[in-house]
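# Commentary on secondary and tertiary structure
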Amino acid sequence: VGAGAMGGEIAQVISWAGLPVLLKDVDQKALDHGMATASGVYARRVKAGKLTQAEMDEKMALITPTLTYDEFGEVDFVVEAVPEKLEIKQAVFAELDKRCQSTAILASNTSALSISALASATKRPGQVVGFHFFNPAPVMKLIEVVAGAQTSQDTMDTAVSFAEELRKIPVKVKECAGFVVNRVLTASMVEIIKAREELGVDHETVDKIVVERGGVPMGPFLLADMLGLDISADVAATLEKAYGPRFAAPKELRDLVAAGNLGVKTGKGFYTHTSA
């Protein structure tokens, strides 16, 4: 549910495992973009000689785009991937609770929000779980499987098994703001952005040093652009509320978001990006 930044990639991951998947959004343009995202992942594998065109067509046929919940009555496992706003996600979970069969598990791809708060919007809190993919979902192996206050052991076991079926590495996490990865990542990124401001060095220099000395594939500013600066700011706000001002989004990040410069998806963030 949600064909935005992650939805299309998550649908691709599920279809890659040979499973049929519905990809839902409320907007046709977003839905088309989500399908194009999934298709693009497969097309790159065809171009690299890792997949035939026939195999790509077979995998894409497993993804059914839809603008309604009409086909959700027989769904076993839902992954919600709508914007990182609690009220939006709660509205989606309330609707899913009405539309899905009583045995269905309702999972959220949230990177920082309370699973218990999402579960409170349903009449099945025991069947609500965090199921957090990392960007880009087709490449990153980790999935955080997060238990809310009332998440049942059976739900956790099923979510872990599903993650393994998707050829991912599930990590079971107790509920807390930011879980594990984003709590560590956000603290690091906020400190690095503040340090850049204080020292007056450019983004490229910081990213180059972090890559060369830190042994990571990309620097924090390029990573933030890829993730989406709006998402980074939303996560920082959630963590600031939970843990205090050390997690507050730096002014530079807030200013970029306010100007609509959200990174790769808008063509400009800390860097300028082209579609080429």
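It should be noted that the structure appears before, not after, this text.
What this report covers is the structure whose coordinates are included nearby. Just so it is clear, the model here is predicted, and its values are computed rather than measured. (Residues numbered from 1 in each chain as written. Predicted model: local features only at pLDDT ≥ 70, side-chain atom pairs only at ≥ 80, totals over all residues. Heavy atoms only, no water.)

The next point concerns the overall build of the protein chain. Looking only at helices and strands, the protein chain features eleven helices and seven strands. Against the globule reference of 19 Å for 276 residues, the protein chain gives a C-alpha radius of gyration of 19 Å, in line with a compact fold. Projected onto its principal axes, the C-alpha coordinates of the protein chain cover approximately 55 × 45 × 30 Å. Taken over 276 residues, the protein chain has a buried fraction of 47%. (Helix = DSSP H or I, 4+ residues; strand = E, 2+ residues; numbered from the N terminus. Rg over C-alpha atoms; globule rule 2.2 N^0.38 Å. Buried < 20%, exposed > 50% of the residue type's maximum accessible area, 1.4 Å probe, protein only.)

The strand order β3-β4-β5-β6-β7 describes an open sheet built from five strands, whose pairing is mixed. Both outer strands of the open sheet, β3 (77-80) and β7 (169-174), are each paired with one neighbouring strand and no more. Neighbouring strand axes in the sheet, compared pairwise and without regard to direction, differ in orientation by 30° on average. Bridge analysis of strand β5 (residues 128-133) against strand β6 (residues 142-147) gives five bridges, and the strand direction is antiparallel. The residue bridging Val 129 from the neighbouring strand is Ala 147, located in β6. (Pairing = 2+ DSSP bridges. Axes fitted to C-alpha atoms, helices over the stretch in contact; angles between N-to-C directions.)

This next bit is on the packing of helix α8 (residues 203-214) against helix α9 (residues 220-227). Relative orientation of the contacting elements α8 and α9 amounts to 105°, with a least axis distance of 7 Å. By the criterion of interaxial angle, the relationship of α8 to α9 is roughly perpendicular. On the side of α8, the interface is formed by His 203, Val 206, Asp 207 and Val 210, while α9 contributes Pro 220, Phe 221 and Leu 222. When the residues that make up the contact of α8 with α9 are grouped by side-chain class, the tally is five nonpolar, one polar and one charged. (Parallel < 35°, antiparallel > 145°, perpendicular 65-115°, else oblique. Contact = heavy atoms within 4.5 Å. Nonpolar A, V, L, I, M, F, W, Y, C, P; charged D, E, K, R; others polar.)

Closest axis-to-axis distance for the helix α7 (residues 181-199)/helix α10 (residues 229-243) pair is 10 Å, and the angle between their directions is 100°. By the angle class used here, α7 and α10 are roughly perpendicular. For the pair formed by α7 and α10, the contact residues are Asn 182, Arg 183 and Thr 186 on the first element and Val 235, Ala 236, Leu 239 and Tyr 243 on the second. Here the residues of the contact of α7 with α10 are counted per class, giving four nonpolar, two polar and one charged.

This part is about helix α11 (residues 251-258). Burial in α11 covers these residues: Glu 252, Leu 253 and Leu 256. Viewed along the axis of α11, the buried residues span an arc of 100°, placing them on a single side of the element. In α11, the exposed positions angled more than 90 degrees off the buried face are occupied by Lys 251 and Ala 258. Along its buried surface, α11 packs onto α7, α8 and α10. (Arc of directions from axis to C-beta.)

Okay, unusual backbone geometry next. A cis amide bond, omega 0°, links Asn 135 with the succeeding residue Pro 136. Mapping Pro 136 onto the fold places it in the loop between β5 and β6. Positive phi values are uncommon outside glycine, yet Phe 179 reaches one of about 55°. With respect to the helices, strands and loops of the structure, Phe 179 is situated in the loop between β7 and α7.

Let's shift gears to the pattern of salt bridges. For the structure shown, the criterion picks out eight salt bridges. A salt bridge links Asp 230 to Lys 265; the shortest N-O distance between them is 2.9 Å. Remark: Lys 265 occurs in the segment after α11 and Asp 230 occurs in helix α10; sequence separation between them is 35 residues. Assessed through its relative accessible area of 22%, Asp 230 is described here as partly exposed. For Lys 265, a relative accessible area of 47% gives the class partly exposed. (Salt bridge = Lys/Arg side-chain N within 4 Å of Asp/Glu carboxyl O.)

Consecutive side chains of a regular strand alternate in pointing toward one face of the sheet and then the other. Here six bridges tie β6 to β7, and the two strands are oriented parallel to one another. In the sheet register, Val 146 faces β7, and the bridge partner there is Val 173. In this view, the connection linking β6 to its parallel neighbour β7 by way of helix α6 (residues 153-165) has right-handed handedness. (Right-handed = clockwise from strand over helix to strand, strands pointing away.)

What follows concerns the packing of aromatic side chains. Tallying each qualifying case throughout the model produces eight aromatic pairs. Seen from their ring centres, Phe 77 and Phe 131 are 5.1 Å apart, and the 65° between their planes marks the pair as edge-to-face. With Phe 77 in strand β3 and Phe 131 in strand β5, this pair connects stretches of sequence that are 54 residues apart. Each member of the pair, Phe 77 together with Phe 131, is buried. For the pair Phe 77 and Phe 162, a centre-to-centre distance of 4.5 Å together with 45° between the ring planes defines the contact as tilted. Here Phe 77 is found in strand β3, whereas its partner Phe 162 is found in helix α6, with 85 residues between them in sequence. Accessibility classification places Phe 77 together with Phe 162 in one group, the buried group. Members of the aromatic cluster, each reached through a chain of ring pairs, are Phe 77, Phe 131, Phe 133 and Phe 162. Here Arg 45 stacks its cationic end above the ring of Trp 16, 4.6 Å away from the centre of that ring. Over the aromatic face of Tyr 243 sits the side chain of Arg 183, whose NZ or CZ is 4.1 Å from the ring centroid. (Phe/Tyr/Trp six-rings, centres within 6.5 Å; stacked < 30°, edge-to-face > 60°. Lys NZ or Arg CZ within 6 Å of the ring centre and 35° of its normal.)

Scope: geometric values only; no functional claims are made or implied.
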